[in-house]
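Below are the chains, spelled out letter by letter.
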Amino acid sequence: MEIDPRHTPDYLFEASWEVCNKVGGIYTVLSTRANILQKTYKDKVFFIGPDVWGEQESPWFREDKHLFASWRDYASCNQHLPIRIGRWKIPGEPIVFLIKFDAFFEKQNDIYAEMWMDYGVDSIAAYGDYHEATMFAYATGVVIESFYRFHHLEAENVIAHFNEWMTGAAALYIRKHVPKIATLFTTHATSIGRSIAGNNLPLYDHLHQYNGDQMARQLNMTAKHSIEKKAAHYVDCFTTVSDITAAECTQLLQRQPDIVTPNGFEKDFIPQGPDYNRARKKARKALLNVAGKMVGHVIHPDALLIATSGRYEYKNKGIDVFIDAMNLLRKMPELTKDVIAFIMVPGWVKGPRKDLQERLSGNEPAPIGNTSPRPSSDCPFLTHELVDPDHDMVMNQIRHLGFCNTESERVQIIFVPSYLNGDDGIFNLPYYDLLIGLDMTVFPSYYEPWGYTPHESVAFSVPTITTSLAGFGVWAKKQGDKTEGISDGIEVIHRNDENHTEVAEEIASLVHELSLKSNEQVKILKQSASALADMADWAHFIRYYQDAYSKALHNSFVRLSHPYKLKTE
């Protein structure tokens, strides 16, 4: 759609639970896109997030009490809205509003009744994080209205952009109370689609047979599905991040997205040239050191270091397939190179293992020759202590398959169940600072609307494996994965509801293929990976958002000219 100059925003609000709150992939979407938005709409783009910080301040937020001080004071005194205003400590440093929303819990039942009467949102069976997210979202709507009216923005083109079901109540609030604001809603993954996949039901083969409302009742997801569906239907522009999720939305939410807005990535912070080589050397040293101390024997410095990472969604993220693939790989007699396979997936942890910390600090006796006792005879796989290791799915699969991590085995598997934010107690390096030291990453996802983990890998020049069920995988298959194998820096494996074993076999084969490549061949495929990432940066992908802003404004103008039409079809 051609962008009409009249259909561009003068002010842009964007709300998410993950603003200054790094809990998932949406943080990456917003924090990497913010730089180009700030360049385009200098200090007229405002990110809104939850103020869930107590005595410990968010490491990504810097308060500035001079920003919009008169409005903040007015909102606090006259409207009882506690708002902190500052800068998001990311490239571009956009303005952020962090909202305390505790007071809205007193009005929770009234808010739910209002949403039911106005839009038919069914909150009756709500539980868990629904309440917290919805009170934050409602507060977000009130804050946007307050800013809009205080600064008299009625004559301006204003857009309010909401991410995921957690902000659905804000979209509905704005539609009712400030209809002049154009609304945009992005679902990064449908709540019911993720639930269907996570409950081991065949999502893809039977997608067109599923009814979203019925499945939500069956899987006890009615409240989240309801508010997500109503937000999708009542906003001026509805978007999602990939063609895969667009089909899912059309079936399960019964609205086809207006625009697909794929996720980009900013590579500016990635080291280049000699700096890249130094960072890679440091990362490899850290990975090899921890692995060696973990398994109790010296690991060859040329060992192949591979990893999977992401949220602990055992089936959806393909963690089960990854472990099966490593099991197949270790049984290959032709494998002549050591492989260290890291599972970097945050779990339910007590903290870092004290015995491993002591070994890493050098407080235990040095090993004699090439061997030393393991830090714990019953736990040669874990870097951190789990709260309930006997019922951990990763640990149970590793034990069931008979991994031992002995010196005679070519493939060693190490589970890192901690957030890698720089202070985990074992590596003490952020995830990106370890990613750069890997030789390959593997993400055999079953449910992956986009897939930042493989996207990040190629951005760091690390060859990656993903699947045809990941949005990034589908995009990469169209753009860059032109040959069979890993030689072009990425391999997108066909995956469906039935071929778990075949996917594991292909991953094992591809890792073996990489182990045979020369240094020069590896250098070429790393360059190919980086070139693919260059095609998927925000400089290329921001145009989809600009189209979405234009669409939202256009549809809001149409809606306002038909005041009795409540619903955008």
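Residues numbered from 1 in each chain as written. Predicted model: local features only at pLDDT ≥ 70, side-chain atom pairs only at ≥ 80, totals over all residues. Heavy atoms only, no water.

Asker: How would you sum up the overall build of the chain? Please name residues and give values.
Answerer: The secondary structure content of the chain amounts to 19 helices and 17 strands. For the chain, whose C-alpha radius of gyration is 25 Å, the value lies close to the compact-globule estimate of 25 Å for 569 residues. By principal-axis analysis of the C-alpha atoms, the chain measures approximately 80 × 50 × 45 Å. Looking at the chain residue by residue over its 569 residues, the buried ones come to 59%. For the chain, long-range pairs separated by at least 24 residues make up 74% of all intrachain contacts whose partners lie at least 6 apart in sequence. (Helix = DSSP H or I, 4+ residues; strand = E, 2+ residues; numbered from the N terminus. Rg over C-alpha atoms; globule rule 2.2 N^0.38 Å. Buried < 20%, exposed > 50% of the residue type's maximum accessible area, 1.4 Å probe, protein only. Contact = heavy atoms within 4.5 Å.)

Asker: Go over the packing of aromatic side chains with me, naming the residues and quoting the values.
Answerer: Enumeration according to the criterion identifies 43 aromatic pairs in this entry. Centre to centre, the rings of Trp17 and Phe136 are 5.5 Å apart; their planes meet at 75°, and the pair counts as edge-to-face. Placement of Trp17 in the loop between strand S1 (11–15) and helix H1 (25–40) and of Phe136 in helix H4 (residues 129–150) is noted, with a sequence separation of 119 residues between them. Among the residues examined, Trp17 registers a relative accessible area of 16% and is labelled buried. Among the residues examined, Phe136 registers a relative accessible area of 0% and is labelled buried. Summarising the aromatic geometry, the rings of Trp450 and Phe472 are spaced 5.7 Å apart at their centres and angled 70° between planes, so their arrangement reads as edge-to-face. Here Trp450 is found in the loop between strand S15 (440–442) and helix H15 (452–459), whereas its partner Phe472 is found in helix H16 (residues 471–479), with 22 residues between them in sequence. For the pair Trp450 and Phe472, one class covers both residues: buried. Feature note: the residues Tyr11, Phe13, Phe46, Phe68, Trp71, Phe97 and Phe147 constitute an aromatic cluster, connected by ring pairs. Positioned above the aromatic ring of Trp538 is the side chain of Arg33, whose terminal nitrogen or guanidinium carbon lies 5.6 Å from the ring centre. Taking NZ or CZ as reference, Arg330 lies 4.2 Å from the ring centre of Phe403, over its face. (Phe/Tyr/Trp six-rings, centres within 6.5 Å; stacked < 30°, edge-to-face > 60°. Lys NZ or Arg CZ within 6 Å of the ring centre and 35° of its normal.)

Asker: How would you sum up the pairing of strand S17 (residues 490–493)? Please name residues and give values.
Answerer: The alternating pattern of S17 places Ile490 and Val492 on one face and Glu491 and Ile493 on the opposite face, and all of these are buried. Here 4 bridges tie strand S16 (residues 464–467) to S17, and the two strands are oriented parallel to one another. Counterpart to Thr464 in the pairing with S17 is Ile490. (Pairing = 2+ DSSP bridges.)

Asker: So, helix H17 (residues 500–515): which residues are in play, and what are the values?
Answerer: With 16 residues, H17 extends 23 Å between its outermost C-alpha atoms, agreeing within 8% with the 22 Å of an ideal straight helix rising 1.5 Å per residue. Listing the buried residues of H17 in full gives Val503, Ala504, Ile507, Ala508, Leu510, Val511, His512, Leu514 and Ser515. (Expected span 1.5 Å × (residues − 1).)

Asker: Describe the packing of H4 against helix H5 (residues 168–177), and please don't skip the residues or the numbers.
Answerer: It is at 7 Å that the axes of H4 and H5 come closest, and there the two elements cross at 35°. Along this stretch, H4 crosses H5, giving a crossing that reads as right-handed. Counting all contacts with H4, which are made through Thr134, Ala137, Tyr138, Thr140, Gly141, Val142, Ile144, Glu145 and Arg149, the residues of H5 involved are Ala169, Ala170, Tyr173, Ile174 and His177. Grouping the constituent residues of the contact of H4 with H5 by class yields 8 nonpolar, 4 polar and 2 charged. (Axes fitted to C-alpha atoms, helices over the stretch in contact; angles between N-to-C directions. Left-handed = near helix turned anticlockwise from the far one by under 90°. Nonpolar A, V, L, I, M, F, W, Y, C, P; charged D, E, K, R; others polar.)

Asker: Talk me through the pairing of strand S11 (residues 339–344); I want residue IDs and the actual numbers.
Answerer: Among the 6 residues of S11, 6 are classified as buried, and the element is accordingly described as predominantly covered. Neither face of S11 is left uncovered, since the one carrying Val339, Ala341 and Ile343 and the one carrying Ile340, Phe342 and Met344 both have all their residues buried. Relative to S11, strand S10 (residues 304–309) runs parallel, the two sharing 6 bridges. Along S11, the bridge assignment pairs Leu305 with Ile340. Between the parallel pair S10 and S11, the chain is carried across by helix H11 (residues 319–330), and the sense of this crossover is right-handed. Where S11 lies against strand S14 (residues 411–416), 6 bridges are found, and the strand directions are parallel. Each residue of the ladder has a partner; that of Val339, found in S14, is Val411. (Right-handed = clockwise from strand over helix to strand, strands pointing away.)

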